[in-house]
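# Commentary on secondary and tertiary structure
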Amino acid sequence: MQVNQEFRPTIAAFCCNWCSYAGADLAGTNRLQYPADVKIIRIPCSCRLNPLFILRAFQRGADGVILCGCHPGDCHYTTGNYYARRRMTLLFSMLDYLGIERERTRVEWVSAAEGAKFAETMNEFVSTVARLGENRRLEDLRCKSE
Amino acid sequence: MQERVKAKAIELLESGCRVLGWKAGEFFYDVTPAVFTSREEIERDFVFNPFCGANQSKYLIAESRRGGRVAAFLKPCDTYSFQQLQKEHRILRENVYAVGVQCPGMCDMDALRAAGLRGVTGAEDRGEKLLVHTLRGDREVDRSLALSERCRVCKSKKLLDCDEMIGQQGEELVSTRFTEVERLEAMTPEERFAFWRGELSRCIRCNACRNVCPACSCEKCVFDNPASGAENKAPASSFEENLFHIIRAFHVAGRCTDCGECSRVCPQHIPLHLLNRKFIKDINQLYGPYQAGADLETRPPLVDFQQDDPEPSIVGERGTNP
Ligand code: SF4
Ligand code: SF4
Ligand code: SF4
Ligand code: FES
């Protein structure tokens, strides 16, 4: 999105209901600031994140996608985040292999008590993605310019 | 070989099985899987030649549920898919009579063209050699020059889980199948992006790579779902293709046996195996060696975990060349 010449990235943040979503709430009640570019999508567990959702978010205009879940060992469903961790690792590696900027995707474990970590993570992620600019490559992968 | 396989097919038919085999297609090289139910059909149409690349195991999903017994001829790589599909409870093993056929490697037209042959009208199996008929007369070439890519880097000649074998039992091989993946990994992201853009731009979204794949046998596929954003055959946005390729490869990650069918059938010659092998290589490196289909017991890597698995940030940390 281009507002007043300054590039503001669109960030999709998939947050687990039991930890990071509450962490985001806590950041709010503590009046910790993080950019409004972050669109939070609540999911029941980090394991709910189908890799297709990430690609779909990019397709619908996201410039960066982040998944936040309970710390390993703390998943409300005991082991969901361990499976999510493997999937995301493989997916991110594949995106990197296709030449997509690897800083556009990220996983961070944020508990319900870590409001400060949530705000910090988002601030940092937004500025990283803002530096990368608009997400073009994933869309252009098929449009050969030559 | 053709005669031995054909005789076995007749024997099995007469013992009361339907027979899954191959028959000639429109051209000599597009040999097609087919189910035979009569002796006349087998005598007339059954072929087994160096172009029988098709992996038969996928057809056993439906055939093993049709009632009665079905006999199938499986090459070593097919037996990996066969066993993987059993692991996923897709094939009813008790209805299948599996004949393992040892394989000297299958040939394809790409390789013949690369070997400089033009106007090819037919080819005959001569063991180590291939007798190629062309418009300008016959030429004998080494079979090794005519082999398809996947057969040149064959991972195993071992026949798994067969009721009977034609030819000798083989061994797992040391394969160089990851060399090309490594070459891509060593490139800069810009170079990789250019490479894949060049390849994927050719996709016509015919879905052949999905349809042929033994692992891609879901009854309800995400690519048939209009709400998935990646369903169309004539895509409205270029994004759909990228989603398609990434998700297709991801859905078979940990289950893909690297049988090579997807690349074989792609009419646009897109090296889809380079996507699948990237996942296989990553899985091997990050979670320990795993070969899909090699056994019935080991938990597939994507429905398993270790508490000390690496974090996703390892993708950045290990750099482009892990
Ligand atoms: S692409 Fe995915 S959903 Fe479709 S058949 Fe293959 S594995 Fe199943
Ligand atoms: S993805 Fe390709 S190589 Fe892997 S199992 Fe499917 S057809 Fe075979
Ligand atoms: S077979 Fe080839 S052209 Fe057809 S959809 Fe798959 S990659 Fe695209
Ligand atoms: S419940 Fe939070 S990651 Fe599973």
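Residues numbered from 1 in each chain as written. Chains lettered and ligands numbered in written order. Predicted model: local features only at pLDDT ≥ 70, side-chain atom pairs only at ≥ 80, totals over all residues. Heavy atoms only, no water.

### Focus: the site of ligand 2
Near ligand 2 you find Cys213, Pro214, Arg248, Val252, Cys256, Thr257, Asp258, Cys259, Gly260, Glu261, Cys262 and Asn276 of chain B, and these make up its full shell. For the shell around ligand 2, the residue count by class is six nonpolar, three polar and three charged. (Near = heavy atom within 4 Å. Nonpolar A, V, L, I, M, F, W, Y, C, P; charged D, E, K, R; others polar.)

### Description of the interface of chain B and chain A
The interface is formed by 54 residues belonging to chain B together with 39 residues belonging to chain A. Both faces combined, the contact of chain B with chain A buries some 4500 Å², and carbon together with sulfur accounts for 65% of it. Where chain B meets chain A, there are four salt bridges. A salt bridge links Asp96 of chain A to Arg192 of chain B, with the shortest nitrogen-to-oxygen separation between them at 3.3 Å. Linking chain B to chain A there are 13 residue pairs in polar contact (both at pLDDT 80 or more). Its residues placed into classes, the side of chain B that touches chain A shows 28 nonpolar, 12 polar and 14 charged. (Contact = heavy atoms within 4.5 Å. Buried area = accessible area lost by both parts, 1.4 Å probe. Salt bridge = Lys/Arg side-chain N within 4 Å of Asp/Glu carboxyl O. Polar contact = N/O pair within 3.5 Å; in protein donor to acceptor, adjacent residues only side chain to side chain.)

### Topic: the domain arrangement of chain B
Residue and element names in this part refer to chain B. Along its sequence, chain B is organised into domain 1 (1–108 + 152–176) and domain 2 (177–312). Placing the centre of domain 1 and that of domain 2 at their C-alpha centroids yields a distance of 25 Å. On the side of domain 2, 28 residues touch domain 1, which itself brings 20 residues to the contact. For the domain 1 and domain 2 pair, buried surface summed over both sides reaches about 1900 Å², with 49% attributable to carbon and sulfur atoms. Run the count over domain 1 and domain 2 and you get two salt bridges. At the junction of domain 1 with domain 2, the criterion picks out 17 residue pairs in polar contact (both at pLDDT 80 or more). The element that contributes the greatest number of residues to the side of domain 1 that touches domain 2 is helix H4 (residues 76–87), accounting for seven residues. Grouping the amino acids of the side of domain 1 that touches domain 2 by side-chain chemistry returns six nonpolar, nine polar and five charged. (Domains from an automatic or database assignment. Helix = DSSP H or I, 4+ residues; strand = E, 2+ residues; numbered from the N terminus.)

### Focus: the packing of aromatic side chains
Residues and elements named next belong to chain B. Under the counting rule described, the total for this entry stands at 14 aromatic pairs over all chains. Seen from their ring centres, Phe28 and Tyr29 are 5.2 Å apart, and the 85 degrees between their planes marks the pair as edge-to-face. For Phe28, a relative accessible area of 21% puts it in the partly exposed group. Ring geometry for Phe36 versus Phe46: centroids 5.3 Å apart, planes at 45 degrees, classification tilted. Residue Phe36 is located in strand E2 (residues 32–36), and its partner Phe46 is located in the loop between helix H2 (39–45) and helix H3 (59–63); the two are separated by 10 residues in the primary sequence. Considered together, Phe36 and Phe46 belong to a single accessibility category, that of buried residues. Linked through ring pairs, Phe27, Phe28, Tyr29 and Phe51 together constitute an aromatic cluster. The ring of Phe223 carries Arg205 above its face, with NZ or CZ at 5.5 Å from the centroid. The ring of Phe244 has Arg205 sitting right over it, with the charged end atom 4.0 Å from the ring centre. (Phe/Tyr/Trp six-rings, centres within 6.5 Å; stacked < 30°, edge-to-face > 60°. Buried < 20%, exposed > 50% of the residue type's maximum accessible area, 1.4 Å probe, protein only. Lys NZ or Arg CZ within 6 Å of the ring centre and 35° of its normal.)

### Some points on the pairing of strand E4 (residues 96–101) of chain B
Residue and element names in this part refer to chain B. Among the six residues of E4, six are classified as buried, and the element is accordingly described as predominantly covered. Here E4 shows two buried faces, one formed by Val96, Ala98 and Gly100 and the other by Tyr97, Val99 and Val101. When strand E3 (residues 69–74) meets E4, the two strands line up parallel, connected through five bridges. In the strand pairing of E4, Val70 is matched with Val96. Between the parallel pair E3 and E4, the chain is carried across by H4, and the sense of this crossover is right-handed. As judged from the three bridges shared by E4 and strand E8 (residues 164–166), these two strands associate in the parallel manner. Its bridge partner being in E8, Val99 is matched across the sheet by Glu164. (Pairing = 2+ DSSP bridges. Right-handed = clockwise from strand over helix to strand, strands pointing away.)

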